[in-house]
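One-letter residues, chain by chain:
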Amino acid sequence: MTKAELYEKAKMLPLLPGVYIIRDKRDVIIYIGKAKRLRTRVSQYFREGVPHDAKVTQMIEHADHFDVIVCQSEFEALVLEASQIKAHTPKYNILLKDDKGYSYVKVTKEEYPRISAVLQKEDDNADYIGPYTSSFAVREMVETAQNAFLLPRCSRRFPQEIGQGRPCLNAHIGKCMALCSGRISREAYNEAVQGALRLIRYGKKDIVKTLEERMAAASERLDFEQAALLRDQIAAIKKVAAGQKVVVDESVQMDVMAFAGAGPNSCAAILRYRRGRLTDKREFLFRGTTDLAALREEFLPRYYLDGEEIPKVIAVDEAPEDAEDLARLFSETRGAKVQLYVPQRGDTAKLVNMAYTNAVERLARESGRTDRQQRLLDETAAVLGLAEPPKVIESYDISNWGDGTSVCGMVVFEDGRPKKSGYRRFKMKTVFGTDDYASMAEALSRRAAEYEKGGAGQFAVLPSVILLDGGKGQVSAVKAALEGTGLAGVPLYGMVKDDHHRTRAIVTADGREIAISMHRGVFTFISGVQDEVHRFSIAYQRENQKKKAYASSLTAVPGVGPATAKALLAEFRTVAAVREAGVEELCRAKGVGRAAAAAIYDHFHPAAPIDKAP
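Cut-off values and rules
Think of each chain on its own: its residues are numbered from 1, step by step along the sequence as written. Predicted model: local features are reported for residues with pLDDT of at least 70 only, side-chain atom pairs are reported and counted for 80 or more only, and whole-chain, interface and lining totals are derived from all residues. Side-chain numbers come from the whole structure's heavy atoms, not from hydrogens or water. Throughout this description, the term salt bridge denotes a Lys or Arg side-chain nitrogen within 4 Å of a carboxyl oxygen of Asp or Glu. Each helix is a run of H or I in the DSSP string that is no shorter than four residues. Each strand is a run of E no shorter than two, and both are numbered from the N terminus. Note on exposure labels: buried denotes an accessible area under 20% of the residue type's maximum, exposed denotes more than 50%, and partly exposed covers the range between, all computed with a 1.4 Å probe on protein chains only. When two rings of Phe, Tyr or Trp (its six-membered ring) have centres within 6.5 Å they constitute a pair, described as stacked for plane angles under 30 degrees, edge-to-face for angles over 60, and tilted for the intermediate range. In this analysis, strands are considered paired if DSSP registers two or more bridges between them. The convention used is that axes are lines fitted to C-alpha atoms, helices contributing only their stretch in contact, and that angles between N-to-C directions extend from 0 to 180 degrees. Buriedness for pockets is judged along seven lines, at least five of which must meet protein on both sides within 12 Å for an open set on the 1 Å grid over protein atoms alone, while cavities are sets there where a 1.4 Å probe fits but cannot get out, and lining residues have an atom within 4 Å of a point. Grid points are joined across faces, edges and corners, and a volume is the space filled by probe spheres set on the points. Under the convention adopted here, Pro, Cys and the residues Ala, Val, Leu, Ile, Met, Phe, Trp and Tyr are nonpolar, Asp, Glu, Lys and Arg are charged, and Gly plus all remaining residues are polar. For this analysis, a polar contact is any N or O atom pair within 3.5 Å, provided that within protein one partner can donate a hydrogen and the other can accept it, and provided that sequence-adjacent residues contribute only side-chain to side-chain pairs. Every residue pair with non-hydrogen atoms within 4.5 Å of one another is taken to be in contact. Confidence scores per residue from the predictor, reported as pLDDT, run from 0 to 100. Helix span, as expected, comes to 1.5 Å for every residue beyond the first.

Caption draft 1: Fine view of the pattern of salt bridges. A full pass over the atoms with the stated rule returns 30 salt bridges. Here Asp127 makes a salt bridge to Lys109, at a shortest N to O gap of 3.5 Å. Of this pair, Asp127 sits in strand S6 (residues 127-132) while Lys109 is found in the loop between strand S4 (103-107) and strand S5 (115-118), placing the two residues 18 residues apart along the sequence. A salt bridge links Arg282 to Glu308; the nearest nitrogen and oxygen atoms lie 2.9 Å apart. Here Glu308 lies in the loop between helix H10 (292-304) and strand S10 (313-316) and Arg282 lies in strand S9 (residues 277-287), a separation of 26 residues in the sequence. Neither Arg282 nor Glu308 differs from the other in exposure class; each is buried.

Below is the structure:
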């Protein structure tokens, strides 16, 4: 349908509450909304002369037809809208991504363990506490524990550097026990580490009491150095606790939320208070969205009804139109009353202002990055001869180690920055041996097929530009592979390297080379893309080789074939973990019975055979 036809259809709708579902030409749902009066809300989208922000304008351009579900009340429409959005995740409804992944507390396994906050687990034999969804909370926990127990944060190695050099500034200002001085025993240090871990796991409750008892015991046995260390730890814990400002009653759970807009973007900032203290800060950035009232109305149910903890109190900068219905829905979901309100004065009003300041600051940082990236993308478009700056760049690289297997890495840059959620990996299915041209053609053919069948995630996105790690051969092979597909019209370029493996030039689809070395910004950007896709594909190849090595070492066990080895690795991740597992644990692997588990155990523990009877 045309926009005019959609408007005429919208004018026929009733003035009743309900949910509207907008679809594109492929009958794919692209937006779901609710309305107090369906006719008024839906007709606004398609009436000429009504201004919309960038996201809504784009949605309207792709709209082909719509359906509505009439409800008995606004509350019923709110509940239905929330369930439908969760079920279909339409493209133009807001995406709640806030730059947060899982975070962990890392505890190294060494003579003098170290505690740190990390974003991902590594295969380094360390212990990890987590995962936590808030990197802010993890950093705060680790810093608090380090301050409370005076743990070192320097790069010195222990025990190698104990007694070498003078203690650092942290020791002089009372933030470190000065392990490097040699006055702290290994036992005392490890007790401090364990105390820090208890503080991270369980909070400060009962820790001070325990430390005071240990300090008294150390004094009685005349171990004054240990007593002094414990005294300093107690003082540090009390100081840290005093520095955490209590802003509400400790029994209150509260989220403080504010929205801000600047230029084409908007931001929602949330401060989470638990037991009266700030425990987390979250920020959500929305591009191309400037209608804060509409954003606030959609954001609140999406955020809290998608598995997020609903607190007793939600303080917002402005009340959404359906605030009463939202409070009722949150209360029913939580199983207890939830207060949703706009504070007018007092401490909570100040906290809302603080949340607003955080949202504004995030937009300012984003604006600075966007301006720089936009200038870079404008320059890239000019150098490559593109009609407009590339919004989505996909880059591909083939990796093979000469063993007859090849893989392809695909990385995505959106608005000039890596989009890790869009990265994909391909293992060759039809190409055998080392043939980079054929492998690249297969990977892009499969990418095009996923796009044409409406694949999910990044595969549903039409890229602005495709960059290949390679020259004329790769570009020609991919150009032929994409002919007649939905990706045939996407500008295609190769990234050529010099003898020192550095980006030298860009190859166009017709084989022409474009020198980019004189364009410093473009050269740096393209080199960064090429380095990233190369790193990603190599990492995938190494992962496969590692799995093969693991599997081959397991297949050396009598009675363990490739399928059993694969099942064991899927369950235990590493051969070392298989070696350490007991028979009952081995039986958890798919397809591994007790007799096979006993044989595996005997292979790794020849000096300790076990009873193989069932």
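What follows picks up the thread again.
Caption draft 2: Broad picture of the packing of aromatic side chains. Counted according to the given criterion, the structure contains 19 aromatic pairs. Ring plane angle 70° and centroid distance 6.3 Å describe the contact between Tyr31 and Tyr45, whose orientation is recorded as edge-to-face. Of this pair, Tyr31 sits in strand S2 (residues 29-35) while Tyr45 sits in helix H2 (residues 38-46), and the two are 14 residues apart along the sequence. A relative accessible area of 13% means that Tyr31 is categorised as buried. Judged by its relative accessible area of 9%, Tyr45 falls in the buried class. The interplanar angle of 70° and the centroid separation of 5.0 Å between the aromatic rings of Tyr423 and Phe536 together place this pair among those described as edge-to-face. Here Tyr423 is found in the loop between strand S14 (417-418) and strand S15 (424-427), whereas its partner Phe536 is found in helix H15 (residues 520-555), with 113 residues between them in sequence. Take Phe536: its relative accessible area is 14%, and that puts it in the buried class. Put simply, the rings of Phe259, Phe284, Phe286, Phe299, Tyr303, Tyr304 and Phe330 pair up and form one aromatic cluster.

Caption draft 3: Structural context of the sheet that holds S2. Strand order across the open sheet formed by three strands is S2-S1-S3, with antiparallel pairing between neighbours. For this open sheet the edge positions go to S2 and strand S3 (65-70), each flanked by a neighbour on one side alone. This sheet shows a mean twist of 20° between the axes of neighbouring strands, independent of strand direction. As paired strands, strand S1 (residues 18-23) and S3 are joined by six bridges and run antiparallel to one another.

Caption draft 4: Molecular detail of empty space enclosed by the protein. The full count for this structure, using the stated rule, is one cavity of 30 Å³ or more. Size it by volume and the largest cavity reaches roughly 40 Å³. Lining of the largest cavity is provided by Pro152, Cys154, Arg156, Phe158, Cys168, Ala171, Cys176, Ala178, Leu179 and Cys180. Each residue belonging to the lining of the largest cavity can be placed in one class, and the counts come to nine nonpolar, no polar and one charged.

Caption draft 5: Expanded view of the side chain of Gln530. By the element assignment, Gln530 lies in helix H15. At a separation of 3.0 Å, a polar atom in the side chain of Gln530 contacts the side chain of Asp469. For Gln530, the residues in contact, after removing those within four places along its chain, are Asp469, Met495, Lys497 and Thr503.

Caption draft 6: Structural view of the confidence of the model for the protein. When pLDDT is averaged across the protein, the result is 83; 90% of the residues are at 70 or more. Here residues 241-247 scores under 50 on pLDDT; set against residues more than four positions off or in separate chains, the count is 12 contacts.

Caption draft 7: The arrangement of the pairing of strand S7 (residues 254-262) in detail. For S7, a buried count of seven out of nine residues is recorded, marking the element as mostly surrounded by other parts of the structure. Two elements, S7 and strand S8 (residues 265-274), share nine bridges in a ladder whose sense is antiparallel. Residue Ala260 lies in a different strand from S8, and its bridge partner there is Cys267. Two successive antiparallel strands, S7 and S8, enclose a turn made up of two residues, where Gly263 displays a positive phi of approximately 60°.

Caption draft 8: View of H10. Its 13 residues give H10 an end-to-end C-alpha distance of 18 Å, which sits within 8% of 18 Å, the value for a rise of 1.5 Å per residue. By the criterion of burial, H10 is predominantly enclosed, with 10 of the 13 residues buried. Listed as buried for H10 are Leu295, Arg296, Glu297, Glu298, Phe299, Leu300, Pro301, Arg302, Tyr303 and Tyr304. Two or three places before Ala293, at the start of H10, stands the capping residue Asp291, its side-chain oxygen 3.3 Å from that residue's backbone nitrogen.

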